[in-house]
Amino acid sequence: MAISLTEDIKTVTDLKKHMREVLDQLHRTGRPVIVTVNGKPDAVLLEATVFEKKLKALNLSRLLVEAEEDVRAGRTASARAFLKSFKHAKKISR
């Protein structure tokens, strides 16, 4: 998702004065809008659906990092051993 330096960077004053237009642009282009204060980036606006997808991806990556640490530390079991333990814990008969 490329950002257009001429279209996607707005001052906080622009945002205040033209909120509807900025939101329309955000939805039309699908690109984030960077809001600046005193010439410096301060916030990024994203569509809610885009934010939700990014949040899910971040949460998944955190789980994968934990899993990779378990593998490196040798905290693994074969699928057969896991299923046997799982069936026993959940009292599942054949």
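Residues numbered from 1 in each chain as written. Predicted model: local features only at pLDDT ≥ 70, side-chain atom pairs only at ≥ 80, totals over all residues. Heavy atoms only, no water.

1. Some details on the overall build of the chain
Stage number 1. Looking only at helices and strands, the chain has four helices and three strands in total.
Stage number 2. In the chain, the succession of α and β elements from N to C terminus is β-α-α-β-β-α-α.
Stage number 3. For 94 residues, the compact-globule estimate of 2.2 N^0.38 gives 12 Å, and the C-alpha radius of gyration of the chain, at 23 Å, exceeds that figure by more than 25%.
Stage number 4. Taken along the three principal axes of its C-alpha coordinates, the chain extends 65 × 30 × 20 Å.
Stage number 5. Within the chain, the fraction of its 94 residues that count as buried is 16%.
Stage number 6. Look at the contacts in the chain between residues 6 or more apart in sequence, and 38% of them connect residues 24 or more apart.
Stage number 7. On the chain, roughly 8000 Å² of surface is accessible, and the fraction owed to carbon and sulfur atoms is 58%.
Stage number 8. Here the chain holds 19 positive side-chain charges and 12 negative ones, and the gap between their average locations is 12 Å. (Helix = DSSP H or I, 4+ residues; strand = E, 2+ residues; numbered from the N terminus. Rg over C-alpha atoms; globule rule 2.2 N^0.38 Å. Buried < 20%, exposed > 50% of the residue type's maximum accessible area, 1.4 Å probe, protein only. Contact = heavy atoms within 4.5 Å. Areas by Shrake-Rupley, 256 points an atom, 1.4 Å probe, with all protein chains shown as cover. Lys, Arg positive; Asp, Glu negative; His and termini not counted. Charge placed at Lys NZ, Arg CZ, Asp CG, Glu CD.)

2. A short note on the side chain of T36
Stage number 1. Relative to the helices and strands, T36 is located in strand β2 (residues 33-37).
Stage number 2. Residue contacts for T36: discarding those within four places in its chain leaves I9, K10, T11, V12, P41 and D42.

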